[in-house]
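What follows is each chain in one-letter form.
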Amino acid sequence: MVDIKNKVVAVTGAAHGIGRALCIAAAKHGAKAVACIDIDLGGAREVSIETNGLAIQADVSSEPSIIAAINEVEGTLGPIDLFCSNAGILTQGGADVPNSDWQRIWDINVMAHVWAARHLVPRMIERGGGYLLNTASAAGLLNQIGSAPYGVTKHAAVGLAEWLAMTHGDDGIKVSVLCPQGVRTDMIAGHEDHIAAADGLLEPDEVAEACMAAIRDETFLILPHEGVRDYMRNKTADYERWIGGMRKLNRMYNDS
């Protein structure tokens, strides 16, 4: 079991939504210090006041910016025990989405996790271990109607988390990957009737508490919407039938 009490926690995408809720939950569960990292420095400062933490501005689509944020956290608060690589974006559309938009969502939804691991895992191994929580999505397990870039990048995020867990578990690196469906955040605002919200919207604080419980129990796959597990089983049990069902959903979405 992992106790977050007296640990240094860093969260990206901390100004709003799940990231904000993770910061507040970490403080509530006794973290020694919480680094609130976001491109929106004003929003990060507001959360840092709530959590008595440290606000840091960083653009997670930039590796140097992530390095600078990690160095600032460790130089100010001490070694990072738990890094929540949470920032993410949604881009609607298919293969026709412009290359620049594909690259941006790839950098934020995938490479930000890669860069954080690249610069934190060696430090964590050297000091005996650490914890990485990467926010993906149920779309990383089931795909995303209406958004190829989101479905593809979230699949990659899940794949990276799996690789980190199986490669560095013996080095003391613990990994969890968060895969919710609809959560009441800015990302889903205006799309509350989207298929991703069909099983109901969770509040960010509910998702954050699910993460705290998973970290405590060292659970790899975090599914705040439990029905996702059944959807995964249906997918692997009969892929052809599952694709047919997704085609039906795609027709429903496009006709709505």
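Placed above this text is the structure.
Residues numbered from 1 in each chain as written. Predicted model: local features only at pLDDT ≥ 70, side-chain atom pairs only at ≥ 80, totals over all residues. Heavy atoms only, no water.

1. Notes on the layout of surface pockets
Now for step 1: Roughly 150 Å³ of volume is contained in the second largest pocket.
Now for step 2: What lines the second largest pocket is simply N143, Q144, I145, G146, S147, A148, W242, I243, M246 and N250.
Now for step 3: When residues in the lining of the second largest pocket are grouped by element, the largest group, four residues, is from helix α9 (residues 239-255).
Now for step 4: Residues belonging to the lining of the second largest pocket are distributed by class as follows: five nonpolar, five polar and no charged. (1 Å grid on protein atoms, 1.4 Å probe; cavity = no way out; pocket = protein on both sides within 12 Å on 5 of 7 lines; lining within 4 Å. Points joined across faces, edges and corners; volume = space filled by probe spheres on them. Helix = DSSP H or I, 4+ residues; strand = E, 2+ residues; numbered from the N terminus. Nonpolar A, V, L, I, M, F, W, Y, C, P; charged D, E, K, R; others polar.)

2. Things to note about the packing of aromatic side chains
Now for step 1: Per the counting criterion, the structure on display carries one aromatic pair.
Now for step 2: With a centroid separation of 5.8 Å and 85° between ring planes, the pair formed by Y239 and W242 is classed as edge-to-face. With a gap of three residues between them, Y239 and W242 both fall in helix α9, about one helical turn apart.
Now for step 3: Relative accessible area serves as the criterion here: at 47%, Y239 is assigned to the partly exposed category.
Now for step 4: The ring of W242 is capped by K235, whose NZ or CZ atom sits 4.6 Å from the centre of that ring. (Phe/Tyr/Trp six-rings, centres within 6.5 Å; stacked < 30°, edge-to-face > 60°. Buried < 20%, exposed > 50% of the residue type's maximum accessible area, 1.4 Å probe, protein only. Lys NZ or Arg CZ within 6 Å of the ring centre and 35° of its normal.)

3. Remarks on the side chain of D107
Now for step 1: Among the structural elements, D107 can be located in helix α4 (residues 99-126).
Now for step 2: One buried charge, D107, has no salt-bridge partner; the nearest side chain with opposite charge is R104, at 7.2 Å.
Now for step 3: Not counting residues up to four positions away in its chain, the partners in contact with D107 are V60, S61, A112 and W115. (Lys, Arg positive; Asp, Glu negative; His and termini not counted. Salt bridge = Lys/Arg side-chain N within 4 Å of Asp/Glu carboxyl O. Contact = heavy atoms within 4.5 Å.)

4. A look at the sheet that holds strand β7 (residues 221-222)
Now for step 1: Read across the sheet, seven strands follow the order β3-β2-β1-β4-β5-β6-β7 without closing on themselves; strand pairing throughout is parallel. With one partner strand each, in any of the chains shown, β3 (54-57) and β7 form the two edges of the open sheet.
Now for step 2: Note: strand β4 (residues 82-85) against strand β5 (residues 130-135), four bridges, orientation parallel. Note that in β5 the partner of F83 across the bridge is L132.
Now for step 3: Sheet contacts for helix α2 (residues 41-51): β2 (33-38) and β3; angle to β3, the most-contacted strand, approximately 165°. (Pairing = 2+ DSSP bridges. Axes fitted to C-alpha atoms, helices over the stretch in contact; angles between N-to-C directions.)

5. Observations concerning the pattern of salt bridges
Now for step 1: Scanning all chains against the criterion turns up 10 salt bridges.
Now for step 2: Of the charged contacts in the structure, one is a salt bridge between R216 and D217, with a shortest N-O distance of 3.0 Å.
Now for step 3: Look at the salt bridges and you will find they share partners, linking E74, R123 and R127 into a network.

6. A closer look at helix α7 (residues 204-217)
Now for step 1: With 14 residues, α7 extends 20 Å from end C-alpha to end C-alpha; this agrees with the ideal 20 Å at 1.5 Å per step.
Now for step 2: Where α7 is concerned, the buried positions are P204, V207, A208, C211, M212, A214 and I215. Taken around the axis of α7, the buried residues stretch over an arc of 165°, which confines them to a single face.
Now for step 3: In this fold, the buried residues of α7 make contact with α1 (17-28), β4, β5, β6 (173-178) and β7.
Now for step 4: Backbone geometry just downstream of α7 places E218 in the positive-phi region, at approximately 55°. (Expected span 1.5 Å × (residues − 1). Arc of directions from axis to C-beta.)

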